[in-house]
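One-letter residues, chain by chain:
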Amino acid sequence: MQWRIDTQGQTIALATDSGIPEVIYWGPSLPQAEDLGQIALATQHDLTGGMLDRLPSLSLSPEPGQAFQGQPGHVLAEEEGSPLLPAFRFERADTRPDGLTLISTAPGLVLTHVLQAQPTGTITLQTRLSSDRPIRVQWLAAPVLPAPQDGDMIDVHGKWIGEFHLLRTPWSPGIRLREARTGRSGQEHPPYLILSGDGCTNTAGAAFGLHYAWSGGHRMVAEELPDGRRQVQFGHAFGAETEPGTSFETAELIVACSAEGLNGIGAAFQRDLRDRVVQWPDAKRPRPVHYNCWEAVYFDHKLDTLAEFATRAAALGAERFVLDDGWFGKRDDDTSSLGDWTIDRRKWPEGLTPLIRHVHTLGMSFGLWFEPEMVNPNSDLYRAHPDWRLGPADQTTGRNQMVLNLALPEVRDSLFQQVSAVLAEYPIDYVKWDHNRLLPVVDAAQTRGVYELIDRLRAAHPGVEIESCASGGGRIDAGILARTHRVWLSDSNDALERLRIQHDAALFLPSAITGSHVGPRHCHTSGRVLPMAFRAWVAAQRHIGFEMDLRELTEDEALVLGRVTSWYKANRDWMMGGTILRLDSDDPAVTAEMQLAAGGDRFVVFAGQAETSRQILPRPLRLTGLEPEARYTVSLLNPEDAPRQSRGPNALKAGPLTLTGRMLMTRGILLPVAWPATMWVLEGRKL
């Protein structure tokens, strides 16, 4: 028996004789006339010496106890702990035009694999397991996929203020295992993997992408078996299901396939998150320019000061004012009051109404910071309910706080009532939802509780947007983004750091959800002092905001920031709905990307000079994604940023050029000389 599932640009084909089905093809779209029976025959392996007399199947869930020599797709036990080694047999397939459900059974167990073609071009895969008695699940993989025989693995590593570093690892016999055991998807190794073919670049070559849509810690296994076959598994962190049960399921595994290099993966994941995963309160609303007060005042809330910031922010083009940490309980620093979500009347004797009224008179909406999952030992909530904490009483705190056990219904009820009361009392259209410490234990029930709480709040307040922040970029995945609308990519507002972080995150995240702020002149996380033009253009690559004491701005800085903000607002509709394409820069000192409108009729190129180039003059920058025979006008938007050493006849400094797509993609375009911490911005339109 064979089946196939198709979507834009990719096909997954499966087959079985009698056991759990296995993937016999995953790659670019197959012709509809392809004979799947012949593919199944073509994928049968030979045998040789030193092997068993039958090659165990690399199925959607490789079975322990069935002579499979690699990592199994499930590790089960009876309730009392004895190993459970079922031999599953295929029972039936339920087919539909855009999906497939494959059901296999063993005595007392039902193993279900669900594959769904999504209109955005991705395919989602999920594993479900049910039992007629309580059992324990130590490991359950989403449907297991074969990996290609060429190329490398690209996964992601990061840290606080240094997220989204791409790691390229060659395949070799054995296992590459990455596991997030911090209770969140994490900066350390978020749940992404790209399998790049030999010679794959940003703009050319074969690649496969995988994204596990889960926020609570995960496990990735990429294994080359002794026989040469390769498999990739994703699932919750090992042992995350801490209680016996009769029903278990993985998160969705989102997969994409590209014949256009890494950008094909990035385009598919960007489109999928923006157009399918994120549930916008109002999809037609332009992404508003933010002002966040955190790095301006921290916990020192004074109405007059914040009202002045609101006035200045509005004059610069801000459209949403976000009041950050420090408005509740007795929160003068990070040692108290998490869990006490009532207005601090010492700072706000009339509540938040005077500030919100002022913000609204300026034409801005109002947002507010919460960290509902956390509790300080020095809080009324903790003193009343110490049993509501997650983990032991003598645990090491993080940022002076503990975690509430959201698996408990009474905890979720209390948090819902507190947060909902604030959202009901004040006209708030945005919540910055923070998560500033690692969890003391790995427990999938905690993540399910978080999801349930956010879902309940969104149902009660459907017009409120939510940002996922977790010490910066510590919880960025499709699981949390199915419930939120923006991510805080990093706590670093250093534009040089952000340039690289944003560039690498573009393989997974669209502009519309990626928050990026213009920070203080003297960066609070790096100590660098960078030009306003560079800081502003880096933020304008994504969902822009300001986060600084606006009184520090010189007249020239304010003019530059206002001009860049106006440009963003004039172009955000097509940019936020377009595609970020990373460019293959031949100069490692230049980090460049191109944002292409959905219809392909316009684009903008951001070329960031991160450091001094080794060669004297700029190398040509080749574009991508254009129609080879079409003609485009290309203009340099910011020639005023040229340094005084730029003294030659570079054509872009004088005016626009008209070139074909082939010329722009093959020979490229010459930019003026640039100092480090300079961003060239090119606008292009198809004639």
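Computed from a predicted model, the values in this text were never measured in an experiment.

1. Some details on the sheet that holds strand β30 (residues 579-582)
Working step 1: Ordered in space as β30-β31-β32-β35-β33-β34, the six strands form an open sheet in which the pairing is antiparallel. On the outer flanks of this sheet lie β30 and β34 (657-660), each paired with one strand and no other. The mean angle between the axes of side-by-side strands here comes to 25°, regardless of whether they run parallel or antiparallel.
Working step 2: Relative to strand β32 (residues 602-609), strand β31 (residues 590-596) runs antiparallel, the two sharing seven bridges. Residue E593 lies in a different strand from β32, and its bridge partner there is F606.
Working step 3: Where helix α12 (residues 555-576) meets the sheet, its contacts fall on β31, β32 and β35 (678-686), and the angle it forms with β32 comes to roughly 120°.

2. Considering helix α2 (residues 262-277)
Working step 1: Compared with the 22 Å implied by 1.5 Å per residue over 16 residues, the 21 Å span of α2 between its first and last C-alpha is a close match.
Working step 2: Counting buried residues in α2 gives 14 out of 16 residues, a clear majority hidden from the surface.

3. A closer look at the pattern of salt bridges
Working step 1: In total, this model carries 49 salt bridges according to the counting rule given.
Working step 2: A salt bridge links R92 to D94; the nearest nitrogen and oxygen atoms lie 3.5 Å apart.
Working step 3: Classification of R92 by relative accessible area gives partly exposed; the value is 38%.
Working step 4: Of the charged contacts, one joins R563 and E640 as a salt bridge, the two residues approaching to 3.7 Å between their closest N and O atoms. Here R563, found in helix α12, pairs with E640, found in the loop between β33 (631-636) and α13 (651-654); they are 77 residues apart in sequence, far enough to count as distant.
Working step 5: Take R563: its relative accessible area is 45%, and that puts it in the partly exposed class.

4. A short note on α12
It helps to recall that an α-helix has 3.6 residues per turn; residues three or four apart then point in one direction.
Working step 1: The end-to-end C-alpha separation of α12 is 30 Å, in line with the 32 Å expected for 22 residues at 1.5 Å each.
Working step 2: At A570, α12 is deflected by roughly 50°, the largest bend along its length.

5. Points about the packing of helix α4 (residues 303-316) against helix α5 (residues 353-361)
Working step 1: At their nearest, the axes of α4 and α5 sit 10 Å apart, and the two run at 15° to each other. Between α4 and α5, the angle falls in the class roughly parallel. Of the two elements, α4 crosses α5, and the hand of that crossing is right-handed. Where α4 approaches α5, its residues L303, L306, A307, A310 and T311 are matched on the opposing element by P354, L355, H358 and V359.
Working step 2: Here the residues of the contact of α4 with α5 are counted per class, giving seven nonpolar, two polar and no charged.

6. Topic: the pairing of β33
Working step 1: With burial as the criterion, only one face of β33 is covered, namely that bearing Y632, V634 and L636; the residues R631, T633 and S635 on the opposite face remain uncovered.
Working step 2: Alignment of β33 against β34, held across four bridges, turns out to be antiparallel. Counterpart to R631 in the pairing with β34 is T660.
Working step 3: Where β33 lies against β35, five bridges are found, and the strand directions are antiparallel. The partner of L636 across the bridge, within β35, is L682.

7. With respect to the side chain of D434
Working step 1: Turning to its location among the elements, D434 is positioned in the loop between β25 (430-433) and α8 (444-460).
Working step 2: Here D434 occupies a buried position and makes no salt bridge, while the nearest side chain of opposite charge, K432, is found at 4.7 Å.
Working step 3: Within the structure, D434 has its side chain in polar contact with the side chain of W369 (distance 2.9 Å).
Working step 4: Apart from the residues within four sequence positions on either side, D434 is in contact with W369, F370, E371, E373, C469, A470 and S471.

8. Here's the deal with the environment of A93
Working step 1: Position of A93 among the secondary structure elements: in strand β6 (residues 89-96).
Working step 2: The spatial distance from the C-alpha of A93 to the C-alpha of W3 is 9.0 Å, given a sequence separation of 90 residues.
Working step 3: Among residues more than four places away in sequence, those in contact with A93 are W3, L100, T101 and L102.

9. Quick look at the packing of aromatic side chains
Working step 1: Tallying each qualifying case throughout the model produces 23 aromatic pairs.
Working step 2: Plain terms: the ring middles of Y291 and F309 are 6.2 Å apart, the flat faces sit at 55° to each other, and that makes the pair tilted. Within this pair, whereas Y291 is found in strand β20 (residues 290-292), its partner F309 is found in helix α4, the two being separated by 18 residues in sequence.
Working step 3: Residue classification places Y291 among the buried positions, given a relative accessible area of 0%.
Working step 4: The buried category is assigned to F309, whose relative accessible area is 0%.
Working step 5: Considering the side-chain rings of F321 and F366, the 6.3 Å spacing of their centres and the 10° angle between planes classify their relative orientation as stacked. Residue F321 is located in strand β21 (residues 320-323), and its partner F366 is located in strand β22 (residues 365-370); the two are separated by 45 residues in the primary sequence.

10. Topic: the side chain of S365
Working step 1: Within the element layout of this structure, S365 appears in strand β22.
Working step 2: In this structure the side chain of S365 is engaged in a polar contact, spanning 3.1 Å, whose partner is the side chain of D429.
Working step 3: Those residues in contact with S365 that lie beyond four places of it in its chain are R285, E319, R320, F321, V359, H360 and D429.

About the criteria used
Residues numbered from 1 in each chain as written. Predicted model: local features only at pLDDT ≥ 70, side-chain atom pairs only at ≥ 80, totals over all residues. Heavy atoms only, no water. Pairing = 2+ DSSP bridges. Helix = DSSP H or I, 4+ residues; strand = E, 2+ residues; numbered from the N terminus. Axes fitted to C-alpha atoms, helices over the stretch in contact; angles between N-to-C directions. Contact = heavy atoms within 4.5 Å. Expected span 1.5 Å × (residues − 1). Buried < 20%, exposed > 50% of the residue type's maximum accessible area, 1.4 Å probe, protein only. Salt bridge = Lys/Arg side-chain N within 4 Å of Asp/Glu carboxyl O. Bend = angle between axes of the 7 residues up to and from the residue. Parallel < 35°, antiparallel > 145°, perpendicular 65-115°, else oblique. Left-handed = near helix turned anticlockwise from the far one by under 90°. Nonpolar A, V, L, I, M, F, W, Y, C, P; charged D, E, K, R; others polar. Lys, Arg positive; Asp, Glu negative; His and termini not counted. Polar contact = N/O pair within 3.5 Å; in protein donor to acceptor, adjacent residues only side chain to side chain. Phe/Tyr/Trp six-rings, centres within 6.5 Å; stacked < 30°, edge-to-face > 60°.

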